[in-house]
Amino acid sequence: MSLPDTHVWPVEPVSPVTHRAKQADPRGHWFVVVIAVLLMSFALVLHGYATNEVGETHAAPAGTASSPVLDRVRRGGPMVNTTGQEFRSRRMPARTVALTFDDGPDPEWTPRLLDVLKRHGAKATFFAVGARVAENPDLARRIVDEGHELGNHTYAHADLSGVPAWRLNMEVSLTQKAIAGATGVHTRLVRPPYSSTPSAVTTPQWQAIRALGSAGYLVALTDLDTRDWSRPGTEQIVRAGTPAKGRGAIVMLHDSGGDRSQTVEAVDRLLTRLGKEGYRATTLAEALGLGSAYVAAGTMDQIVGKGLSVVQRASTAFAESLVWVLTAAGALTLARLLLFLVLAWAHVRRVRGGRRRAGRAPPWPSPPPVSVIVPAYNEAAGIEATVLSLVTTGYRGELQVIVVDDGSTDDTAARAAALGLPGVRVIRQQNGGKPSALNTGIAYAQHDIVIMVDGDTVFEPATIGHLVAPLSDPNVGAVSGNTKVGNRRGLLGRWQHIEYVIGFNLDRRAFDLLGCMPTVPGAIGAFRRAALESAGGLSVDTLAEDTDLTMAICRTGWRVVYEEKALAWTEAPSSLGQLWRQRYRWCYGTLQAMWKHRRAVAERGTFGRRGLGYLALFQVALPLFAPVVDVMALYSVLMGDPLPVVAVWAAFVVVQALTGWYALRLDRERARVLWVLPLQQFVYRQLMYLVVIQSLATALLGVRLPWQTIHRQGTFSS
């Protein structure tokens, strides 16, 4: 077939796209995403509140203020009743101890303490934290069923002397509901966290005690504070918990909050010693003749309590699993960076080693003839620069350039033809999509080596020669070039420049060595005609025709390699909206290609398990967890200590910067652009993972995207 150069020839598109009515992008999933983020935030806040991270309170410093009332309190007994007009206090009867355990129930230590108490026939009072009751309702039921008492120790172990009235009421109310949901009862007993003996009561603590009395609670302080939480040793705990000279006492111990093995052993020894001295160990209410510490809980409180238990356990499980998931994601990300750095180093040593590696095919004896195909749709802004860069090449072999105008509505074809360049053919067809335009170009290509280049891309004079060099190896079916961002000014341009160098070109070095190249970019790629034929040409099944074609070529057994010296300069999107459309198409098309070639996982060869596995893990799964990372980081900064979050973020930025420096060095680019890398974490990164979410939703809902173009600025036009 012989066609005059630079004449516009109308043809029918090869494998045209079947046009469908345009479907709107799905949007309902964003409601689901927002709800998921809100639920996740609620779970984190609830877990943080239960662990005293949200609304964190600490023990107030000991006060020295005095008053007649405080003096009476400090001289009085540890059981304080302020439900009436005047406060009253009670002391334990002689040779009677009330062992009290704070901060539980704990799934490890509370059962062991209950077993010790059962062996000695002793009863005790457990001042339970509401959140722990909600997480361990079975333990709360066991405490009640075995004849022990439950007391209220607030929901989140809050210092009631340092919180407003509404928080005090909420703390004890939530705990009552948790106890009601677990046991069906409410308790009349309460012990404020960070309290101790009556002599240590401060003015703010007394105000909290009065408020609790006004709500109908009996406040239990202690006679003997064993300070077992500090793990002073079993013998010290026993000595601190032993009353003097036959006196009665309330003994404060802990069944949660850390390793309580010393407490368990000390309680066993203490009960043995007290039993020999004629003591009885019983509950507070029984020892003081207060009647039952319980009142029946209403049906609604029990229902609310059960629901609170479910929500609290779910939030705890979510928060704990989230830590493991984020740790695993961080480890995988770091491992990937380190592995790809090592592989990139190995790739550079292989291609720049100087000596010809054993087994490598010899170079072409003479430059082979090449056909270059330029599919173009509304590329008037840059088509002239593209064609000129192809014709003014330093390549010495025969060169055919075919521009396929895919039904442009501007003057793309006219501008290409007006150049009047020898060896350039301009073909115009009805709009059929980029794959159809490429197939048309292949049909008119005269040579066995075919280069495909986008209409917004320009080549350097040496690019074609470098690009076809690896095809001297008969096992190589395709070659990926090195794409550079031409319009890299401005923040968005610099971000994309960094991504192209680190995220694309560095990865392709690794893919080359691993034998699992997933994409030869549409901007620059060379193909052996036999490889194209074995893959069945370009398919219209996906929007990522370059990824689809590369995967098909890999599955037929051809090697696909990366040539770092084959440079192509492309025009990247210049606005966030344009970038969104481009990446939406890329990501959606990649998902289509992955699904289309999913059976490659079970086939022989390296592509399926390595290439598809990598894409599924690092390009789909991990980006879906990225919003979780951001929510967790924001939560930690706002609600907790921001320093660990900042430290982890800074560490990742440093690792990324080092990776970027090495990647830029390999590509012979200046490293000063890395100053924008930290800023990339706050807009660009979010845009990328939102694209993945949108693309996945579109794919799952079966919506067919149309071909999406971006507005060109004509970066390379003069």
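Use the structure listed above.
Residues numbered from 1 in each chain as written. Predicted model: local features only at pLDDT ≥ 70, side-chain atom pairs only at ≥ 80, totals over all residues. Heavy atoms only, no water.

1. Notes on the environment of Ala416
Reasoning step 1: For Ala416, the position within the fold is in helix H13 (residues 412-418).
Reasoning step 2: Considering only alpha carbons, one finds Ala416 and Gly382, 34 residues apart in sequence, at a separation of 9.8 Å. (Helix = DSSP H or I, 4+ residues; strand = E, 2+ residues; numbered from the N terminus.)

2. A short note on helix H18 (residues 545-555)
Reasoning step 1: In terms of residue burial, H18 counts as a mostly covered element, since 10 of its 11 residues are buried.
Reasoning step 2: Looking at the residues trailing H18, positive phi occurs at Gly557, about 100 degrees. (Buried < 20%, exposed > 50% of the residue type's maximum accessible area, 1.4 Å probe, protein only.)

3. What to know about the packing of aromatic side chains
Reasoning step 1: In total, this model carries 12 aromatic pairs according to the counting rule given.
Reasoning step 2: Plain terms: the ring middles of Trp580 and Tyr584 are 6.2 Å apart, the flat faces sit at 50 degrees to each other, and that makes the pair tilted. Linking Trp580 with Tyr584, this pair stays in helix H19 (residues 576-596), spanning four residues, or about one helical turn.
Reasoning step 3: Taken together, the ring pairs in this structure connect Phe340, Phe511, Tyr614 and Phe618 into an aromatic cluster.
Reasoning step 4: The aromatic ring of Phe340 is capped on one face by Arg336, whose charged end is 5.0 Å from the ring centroid.
Reasoning step 5: It is Arg598 that lies over the ring of Trp595; its NZ or CZ is 4.0 Å from the centre. (Phe/Tyr/Trp six-rings, centres within 6.5 Å; stacked < 30°, edge-to-face > 60°. Lys NZ or Arg CZ within 6 Å of the ring centre and 35° of its normal.)

4. Remarks on unusual backbone geometry
Reasoning step 1: The omega torsion across Gly104 and Pro105 is 0 degrees, close enough to zero to call that bond cis.
Reasoning step 2: Inspection of the secondary structure puts Pro105 in the loop between strand S4 (96-102) and helix H3 (109-120).
Reasoning step 3: Notably, Asp103 is not glycine yet its phi reads approximately 85 degrees, a positive angle.
Reasoning step 4: By relative accessible area, which is 15% here, Asp103 ends up buried.

5. Describing the packing of H19 against helix H22 (residues 684-700)
Reasoning step 1: In contact at an axis separation of 9 Å, H19 and H22 are set at 45 degrees when each is read in the N-to-C sense. In this view, H19 runs oblique relative to H22, as classed from their interaxial angle. Here H19 runs over H22; the crossing is right-handed. In this structure, H19 uses Leu576, Leu579, Trp580, Arg583, Tyr584, Cys587, Tyr588 and Leu591 to contact H22, whose residues at the interface are Tyr684, Leu687, Met688, Leu690, Val691, Val692, Gln694, Ser695, Leu696, Thr698 and Ala699.
Reasoning step 2: Across the contact of H19 with H22, the residue classes tally to 15 nonpolar, three polar and one charged. (Axes fitted to C-alpha atoms, helices over the stretch in contact; angles between N-to-C directions. Parallel < 35°, antiparallel > 145°, perpendicular 65-115°, else oblique. Left-handed = near helix turned anticlockwise from the far one by under 90°. Contact = heavy atoms within 4.5 Å. Nonpolar A, V, L, I, M, F, W, Y, C, P; charged D, E, K, R; others polar.)

6. Let's talk about the pairing of strand S14 (residues 370-376)
Reasoning step 1: With seven of seven residues buried, S14 is to be regarded as a mostly interior element.
Reasoning step 2: What you see with S14 is no split at all: Val370, Val372, Val374 and Ala376 on one side and Ser371, Ile373 and Pro375 on the other are buried throughout.
Reasoning step 3: Pairing of S14 with strand S17 (residues 449-452), which is carried by four bridges, proceeds in the parallel orientation. Counterpart to Val372 in the pairing with S17 is Ile451. (Pairing = 2+ DSSP bridges.)

7. What to know about helix H20 (residues 607-639)
Reasoning step 1: Here H20 spans 45 Å end to end across 33 residues, near enough to the 48 Å set by a 1.5 Å rise per residue.
Reasoning step 2: Where H20 bends most, at Leu622, the angle is about 40 degrees, and the proline Pro623 comes one to four residues later. (Expected span 1.5 Å × (residues − 1). Bend = angle between axes of the 7 residues up to and from the residue.)

8. Some words on the pattern of salt bridges
Side-chain pairing between opposite charges can occur once the charged atoms of the two side chains come close.
Reasoning step 1: Scanning all chains against the criterion turns up 32 salt bridges.
Reasoning step 2: Taking the shortest distance from any N to any O, the salt bridge between Asp448 and Arg529 comes out at 3.8 Å. Linking Asp448 in the loop between helix H14 (434-444) and S17 with Arg529 in helix H17 (residues 529-534), this pair joins segments that are 81 residues apart in sequence.
Reasoning step 3: Judged by relative accessible area, Asp448 falls into the exposed class, the value being 54%.
Reasoning step 4: Beyond isolated ion pairs, a larger network of salt bridges with shared partners links Arg352, Lys484, Arg488, Arg509, Glu564, Asp667 and Glu669. (Salt bridge = Lys/Arg side-chain N within 4 Å of Asp/Glu carboxyl O.)

9. Quick word on the pairing of strand S15 (residues 399-406)
Reasoning step 1: A large share of S15 lies buried, amounting to seven of its eight residues.
Reasoning step 2: Sheet topology note: the S14/S15 ladder contains seven bridges and is parallel. Each residue of the ladder has a partner; that of Ser371, found in S15, is Gln400.
Reasoning step 3: Examined bridge by bridge, S15 and strand S16 (residues 424-429) share six bridges and lie parallel to one another. Paired with Val401 across the two strands is Val424, which belongs to S16.
Reasoning step 4: Handedness of the S15-H13-S16 crossover: right-handed. (Right-handed = clockwise from strand over helix to strand, strands pointing away.)

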